[in-house]
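Remarks on the overall topology
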Amino acid sequence: MTETNLRLLKDIDEPGLHTIDVYERRGGYSALRRAVTELEPDEVLEQISEAELLGRGGAAFAMGMKAGFVPKGDTDNYMLVNADESEPGAFKDRVLMQKTPHLLIEGCLIAARAIDAVQAIIYIRGEYEHQADILERAVAEAYERGYVGKDILGTGWDLEFVVHRGAGAYIAGEEMALLDSLEGKRAHPRMKPPYPANVGGGVYQGPTLVNNVETLCNVPYIINFGVEEYRKLGTEQSTGTKVVSVSGNVRRPGNYEVPMGVTCREIIYGLAGGPPEGREVKCFLPGGSSSPALTGDEGLDLRFDFETLEAAGSMLGSGSVIVVDDSQPLVPFALRLAEFYRHESCGKCVPCREGTNWTVKMLERIDSGEATPMDFELLAQVQTNIIGNCLCLLGDSMAMAVGSMLEKFRDEFERHAEEARARNEAALVEQSAPELAAAPSIGPM
Amino acid sequence: MADRDGHPNGSVRAEHPLVADRLVGLDRQVASTKPSVAAGWDLPADPDKGPSVVPQLADVDVPPELQDEIEYRMSLYPDPRSAVMPALKTAQRHHGYLPPLAILQVAAVMKVTPAYLSSIASFYDMFNEEPLGRHYIYVCTSVSCHLVNAKRVYDAIVEAAEKLGLEDTDVRAFECLGACDMQPMASVDGRYVGPLDPSDAPELVLALREGRVPLPGRGLDDPDHMPAGAGDPPPQEEAP
Ligand SMILES: Cc1cc2nc3c(=O)[nH]c(=O)nc-3n(C[C@H](O)[C@H](O)[C@H](O)COP(=O)(O)O)c2cc1C
């Protein structure tokens, strides 16, 4: 991508960008100054709304609308940053926090201003110890310079800021579970409504605006350069740029910032170098491990934006592209993916707790050649029965990914099971009657 | 994602008379942790009821530095209970893991039941109720790393750890650590290293055993490590 298309990652390789001096020298905190001293909170909100910034955490909900639901006046409002990034394949928030923590803090402060918050909290996943250290230092610097704390920039606005470290639970990234986790409980999703933005629905029962790291990192740009400039990149519905994490079978895995609407081919081949020599893209998950797979043929020429991928039966989600090349057997891949969700299911809702477990068991049977023909139907059915039947989307995420692979590569799943069965048989014969090993099959065990 | 109609009007500030009412008798618990609907159904423990007791600080021997740190953590949040995870982490660092004594100490300082803390410690992956070691190597074997043979890296590290007698270290296959740009990778006490090859295993283990930084220059934020978004191609191998 050309330099001019970079917004979030513009200065990313600048040495010392994580310090406030370098960040300020690069124009940092000018947006906050403007938002706090020149604009009214409602005007800030209006700009975010008009930019139609969609949430980058997975659900693509309009940030301005969500912030607009937060009541102002007699409630203690909270700004909660979702930095629990734990979805397999996602690593964009990590880079942002590690390289440009002040951009996140500035975006978070502007959003906090728009909802008149009294407290900002960054909930960062426990494994990001290094990034949490960097953020903590950055927050302390921001306190020192008067961007956080009492009477911010002389306006009389008070805001406290804390970095909260998780302890290893993917489910804590789900926004309702995030609230419970932050309150010191097990990360179990809550029933909605009330939603976090409602009175009684958020953390400590105060209205809470929950946003993803990358979403908030877009905010200073909007305030600095205006809505029109912001919308110059991206599509009509998916405005701005997206930091895409590309991983799996590509030559240059990494984070790339692209305008929304470039083709998937440009991302996978142009930026990430495509699969290794002589390999083709068998399929890819365009929105992290939670998104339905697209085959290379159907997906590569699609535009990478929320509306196009949704229309194609998948989703942009968190924007993490996992590429699978044609040397990879899909059954072990799907199994690994399902194991993740089984491990991370919090166990509150039955369809997810049992469904992820049975999915793993059935995939194991397929992988090891013990599957019966009925298992394929059952596997597909279990996926359908999870979707829409739980408090949160953790189970759905697995069901969509595994379900799509099974549907699109049913032949391969069946062949895989058949080949494994044949291997088992041969081994059995070899073991029990070596003299018969060369003879034809003796049937299933 | 919010309800357009909102919630019945009302303030949740602690001064509110309705809220103040509920505060009576609830030690250390601010109104906000108390749900307005179906009162108490998701409260893990009510210290005033049931056989579970909150240990008294006077009865438990808590090292002063541990107590200070936990109290400091509690002071950072609007509701001190938010400090449960940070407090358990502090205790885990202190003891190396979370034995019943550690749980008891945190419970006494935070004024919650030990059972409640155990429920938290057993839920989150990074808390160990067994002594697994003061150091850790989490090898990512999740979806993306799986595609580039992470299992072989993990096996090699386990083998090297056994052969070289690495002690006091929790070697685990871990889910995605959020660093697929250096796939396959591992987190060594929070320092991310990668891309890894099975042949790196002995050196990684030796360094950890001898207290050196493992694989210098290959850590995520090492000065000469790859810049964001421009990683070198990882060693790719054919799948079997
Ligand atoms: C199982 C599950 C895990 C999630 N994990 C994360 C996460 O780690 N980080 C994140 O920003 N959003 C995550 N989300 C999405 C959040 O629920 C929520 O939509 C998001 O934080 C809202 O922020 P945004 O509007 O800025 O995107 C997850 C959702 C689910 C269902």
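The written sequence of each chain sets the order in which its residues are numbered from 1. Chains and ligands are labelled by the order in which they are written, letters from A for the one and numbers from 1 for the other. Local features in this predicted model are restricted to residues whose pLDDT is 70 or higher, and side-chain atom pairs enter the listing and the counts only when it is 80 or higher, whereas totals over whole chains, interfaces and linings include all residues. As a rule here, side-chain values cover all heavy atoms of the structure and leave hydrogens and water aside.

Residue and element names in this part refer to chain A. One heavy atom within 4 Å of a molecule or strand is enough for the residue carrying it to be called near that molecule or strand. The local shell around the ligand holds 19 residues, among which G57, N82, N211, N212 and T215 are the closest. At a separation of 2.9 Å, an oxygen atom of the ligand approaches a polar side-chain atom of K66. Pairs of N or O atoms within 3.5 Å make up the polar contacts considered here, provided that, within protein, one atom can donate a hydrogen while the other can accept it, and that residues adjacent in sequence are counted only when both atoms are side-chain atoms. Between the ligand and the protein, one listed contact pairs an oxygen atom with a backbone N or O atom of E175 at 3.0 Å. Under the convention used here, a 1.4 Å probe and the Shrake-Rupley method define accessible areas, while residue burial counts only the protein chains that appear. For the ligand, whose free accessible area comes to 610 Å², the fraction covered by protein is 91%. The numbering of helices and of strands both runs from the N terminus, where a helix is a DSSP run of H or I of at least 4 residues and a strand a run of E of at least 2. With 3 residues, strand β4 (residues 208–212) is the single largest residue contributor to the shell around the ligand. Lys, Arg, Asp and Glu make up the charged group, whereas Ala, Val, Leu, Ile, Met, Phe, Trp, Tyr, Cys and Pro make up the nonpolar group; the residues left over, Gly among them, are polar. Along the lines of polarity and charge, the residues of the shell around the ligand split into 5 nonpolar, 8 polar and 6 charged.

Another point: the confidence of the model for chain B. Known as pLDDT, the predictor's per-residue confidence is scaled from 0 to 100. For chain B, the mean per-residue pLDDT works out to 81, and 72% of the residues sit at or above 70. Throughout, a contact is declared for two residues whenever any of their heavy atoms are within 4.5 Å. Across residues 227–240 of chain B the pLDDT falls below 50, and counting only partners more than four positions away or on other chains, this stretch makes 35 contacts in the model.

The next subject is helix α3 (residues 41–50) of chain A. Residue and element names in this part refer to chain A. Of the positions making up α3, those classed as buried are P41, V44, L45, Q47 and I48. Looking down the long axis of α3, one finds its buried residues gathered within 160° of arc, a one-sided arrangement. Here the buried face of α3 lies against α2 (30–38), α4 (63–69), α6 (101–114) and α10 (219–230). Buried, partly exposed and exposed residues are distinguished by accessible area as a fraction of the type maximum, computed with a 1.4 Å probe on protein chains only: under 20%, between the cut-offs, and over 50%, respectively. The arc under discussion is defined with respect to the helix axis, by the directions toward the C-beta atoms.

Residues and elements named next belong to chain A. It is the contact of helix α14 (residues 330–344) with helix α17 (residues 394–408), at a shortest axis distance of 10 Å, that shows an interaxial angle of 170°. In terms of their interaxial angle, α14 and α17 are classed as roughly antiparallel. Contacts from L330, F333, A334, L337, A338, Y341 and E344 of α14 reach α17 at L394, S397, M398, A401, V402 and M405. Here the contact of α14 with α17 is composed, by residue class, of 11 nonpolar, 1 polar and 1 charged. Lines fitted to C-alpha atoms define the axes, with helix axes restricted to the stretch in contact, and inter-axis angles between N-to-C directions lie between 0 and 180 degrees. The labels follow the angle: roughly parallel below 35 degrees, roughly antiparallel above 145, roughly perpendicular from 65 to 115, and oblique for the rest.

For the bond running from K192(A) to P193(A), omega is -10°, close enough to zero to count as cis. With respect to the secondary-structure elements, P193(A) resides in the loop between α8 (175–182) and β4. Even without a glycine there, the phi angle at Y204(A) is positive, about 50°. Topologically, Y204(A) is positioned in the loop between α8 and β4. If you check the backbone angles, N149(B) has positive phi at about 65° while not being a glycine. Along the chain, N149(B) falls in the loop between α6 (143–146) and α7 (150–163). A residue is classified by how much of its surface remains accessible, and N149(B), at 16% relative accessible area, is buried.

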